[in-house]
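Per-entry structural report
Residues per chain are reported as follows:
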Amino acid sequence: MKSPTNNNKLTRRHFIKKSLFGTGILINTGKYFQIKGKKLVSKEIDMKYRILGKSGLKVSEIGLGRLETQGENVLSYAFDRGINYIDMPAEYIKGEEGRMLKLKNRRDKVIIASKIITTHNSTKQETMKLIENVLKRIQTDYIDIIMIYNVGTIIRKHGVTKHIERLKNEDVIEAVNQAKKDGKVRAFGISTHGGDFKDYINYAIDSGHFDMIMLKYNFMAFPEEKELLKKAKQNNVGSVAIKVVGGAYDQKIKGYEKSRTPEFRRAAIKWVLSNPNITNLVIRMPTFEEVDNCIRALDEKYGYNDRILLEKYASSVKPYYCRWCSTCTQACPYDVSIPDIQRYLMYFTNFEYKEEAVEKYADLLPEQKADCCFNCNAPCENKCLNNIPIKEILTEAHEILSIKTL
Ligand code: SF4
Ligand code: SF4
């Protein structure tokens, strides 16, 4: 099996010659390169890499998330600039085969991470089939990282209702180990969003079966998350951060533009990468400018201005930013999925994932939905350290996410 190579010696001029001038997309104006009249950063910045735990994979500090939002040329551009990590859950690949073909010429330079939805009672044969399906959909002979998808969240349509038991399923572990021996998988991990993430991550680290973890980690992280990352590092388990921009709420922040400014995104990236215990992060980079902006963050130190920017954002979203800690859930007499519903609402309102948000809400068990919040005196709210108006948010979420068609 070929190992990934480091692309960081490519110069800006080189990548343009190699991949984009030919398309007529870029114009060389002398000082800057332009796309449709927009200036790109002209400074050359080397990509930085870290090792993903015991897998030994050398991954770029920033990776591509939500591939389906990136055009082919943006994807090529990102690879040419040294980004080599790509998060590609097979379930999100819809009619993208043409774009995936572009990977074939550089397959050995790209580290693809994907996920399988196994349950507590998946058999070895079923798990092998899931892995084969991932390979088929991505059109590759091997996958670099395979993760057990979204541990901690019920995915009813796939029979996923138990969590830590998913990680203990020996058949799944055997199947992935077999796939490793067969050269079809290089590393094994878990992805998690929240909920009782501490339990899952602690188990994943302690069990010794997993090479990496993917977890929500941003400037509004709980101290426990930092501790978990430290423990992961000590045990040579790699860690990939997701949700690094803290929900991308679009309200105005005093003294700044909207939260999706390039400065804000760079500050959020710098904060995550300033922790030496994290391996890398994935973030959406749907445009050339976003690729440039994210890479630029690698060349800057996290500093005072970043801290002020992030603190302002954090304090402005605090009244409604759920950290998915699940502290409140035990106070709910109805078993409502409080953090998951808030996450789905965020997908709907802050990102472009409206269909996915509605689908995910529809997939919750009846007792997990927020119907019962309307006539409840909300004991959950007393447990939330952030004083989030849970009832108000969940009833709103129920109304938005219960729509049948979009
Ligand atoms: S408002 Fe009531 S039903 Fe809704 S989540 Fe809170 S405790 Fe549960
Ligand atoms: S509502 Fe509050 S207590 Fe509940 S999961 Fe979110 S942040 Fe945690």
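Residues numbered from 1 in each chain as written. Chains lettered and ligands numbered in written order. Predicted model: local features only at pLDDT ≥ 70, side-chain atom pairs only at ≥ 80, totals over all residues.

1. Focus on the overall build of the chain
This is how it is decided: Helical segments are the DSSP runs of H or I of at least four residues, strand segments are the runs of E of at least two, and each set is numbered from the N terminus. Any residue with 12 or fewer other C-beta atoms within 10 Å of its own C-beta is exposed, any with 20 or more is buried, and the rest are partly exposed; the C-beta atoms used are placed from the backbone. Here contacts are defined at the residue level, using C-beta atoms placed from the backbone and a cut-off of 7 Å between them.
For the chain, the count of helices and strands is 14 helices and 13 strands. A total of 406 residues make up the chain; the buried ones form 44% of that total. Taking the contacts inside the chain whose residues are at least 6 apart along the sequence as the reference set, 76% of them involve residues at least 24 apart.

2. A closer look at unusual backbone geometry
Leaving glycine out, the prevailing phi sign among residues is negative, and the prevailing peptide bond configuration is trans. At Asn236, a residue that is not glycine, the phi angle is positive and equals roughly 60 degrees. Residue placement: Asn236 occurs in the loop between α8 (223-234) and β12 (238-242). Residue classification places Asn236 among the partly exposed positions, given that 16 C-beta atoms sit within 10 Å. Even without glycine at this site, Ala378 takes up a positive phi of about 55 degrees. Its place among the elements puts Ala378 in the loop between α13 (354-362) and α14 (390-401). You can call Ala378 partly exposed: it has 17 C-beta atoms within 10 Å.

3. Overview of the pairing of β12
Definition in use: Two strands pair under a simple rule: DSSP has to find at least two bridges between them.
When you tally the buried positions in β12, you get 5 out of 5 residues, the bulk of the element. Both faces of β12 are covered, namely the face carrying Gly238, Val240 and Ile242 and the face carrying Ser239 and Ala241. Looking at chain direction, strand β11 (residues 212-216) and β12 are connected through 5 bridges and run parallel. When the sheet's bridge partners are listed, Met214 is paired in β12 with Val240. Pairing of β12 with strand β13 (residues 280-284) involves 2 bridges; the strand directions are parallel. Across the sheet, residue Ala241 finds its bridge partner in β13, namely Leu281.

4. Points about the packing of helix α12 (residues 338-350) against α13
Spelled out, the test is: To get an axis, a line is fitted to the C-alpha atoms, and for a helix only the part in contact is used. The angle between two axes follows their N-to-C directions and goes from 0 to 180 degrees. Working definition: roughly parallel below 35 degrees, roughly antiparallel above 145 degrees, roughly perpendicular at 65 to 115 degrees, and oblique for all remaining angles. Should the near helix be turned anticlockwise from the far one by less than a right angle, the crossing is left-handed, and should it be turned clockwise, the crossing is right-handed.
Contact pair α12 / α13: the axes reach a minimum separation of 7 Å and the direction vectors enclose 160 degrees. When the axes of α12 and α13 are compared, the pair comes out roughly antiparallel. At the point where α12 passes α13, the crossing takes the left-handed sense. Listed contacts from α13 to Ile341, Tyr344, Tyr347 and Phe348 of α12 are Lys354, Glu356, Ala357, Lys360 and Tyr361.

5. As for the environment of Cys294
Considering the arrangement of structural elements, one finds Cys294 in helix α10 (residues 288-297). Excluding anything up to four places from it in sequence, Cys294 contacts Ile62, Arg265, Ile269, Ile283 and Met285.

6. So, the site of ligand 1
Stated precisely, the cut-off is as follows: All residues are tested the same way: a C-beta atom is placed from the backbone, and lying within 6 Å of a molecule or strand makes the residue near it. Each residue receives one of three labels: charged for Asp, Glu, Lys and Arg, nonpolar for Ala, Val, Leu, Ile, Met, Phe, Trp, Tyr, Cys and Pro, and polar for the others, Gly being one of them.
Lining the immediate surroundings of ligand 1 are 14 residues, of which Cys332, Val336, Cys373, Cys376 and Cys380 lie closest. The biggest single contributor to the shell around ligand 1 is α14, with 3 residues. Residue classes in the shell around ligand 1 are distributed as 13 nonpolar, no polar and 1 charged.

7. Some details on the packing of helix α9 (residues 262-273) against helix α11 (residues 304-317)
At their nearest, the axes of α9 and α11 sit 9 Å apart, and the two run at 100 degrees to each other. In terms of orientation, α9 and α11 fall into the roughly perpendicular class. Contacts from Glu263, Phe264, Ala267, Ala268, Lys270 and Trp271 in α9 reach Asp306, Leu309, Leu310 and Tyr313 in α11. Residue composition of the contact of α9 with α11, grouped by class: 7 nonpolar, no polar and 3 charged.

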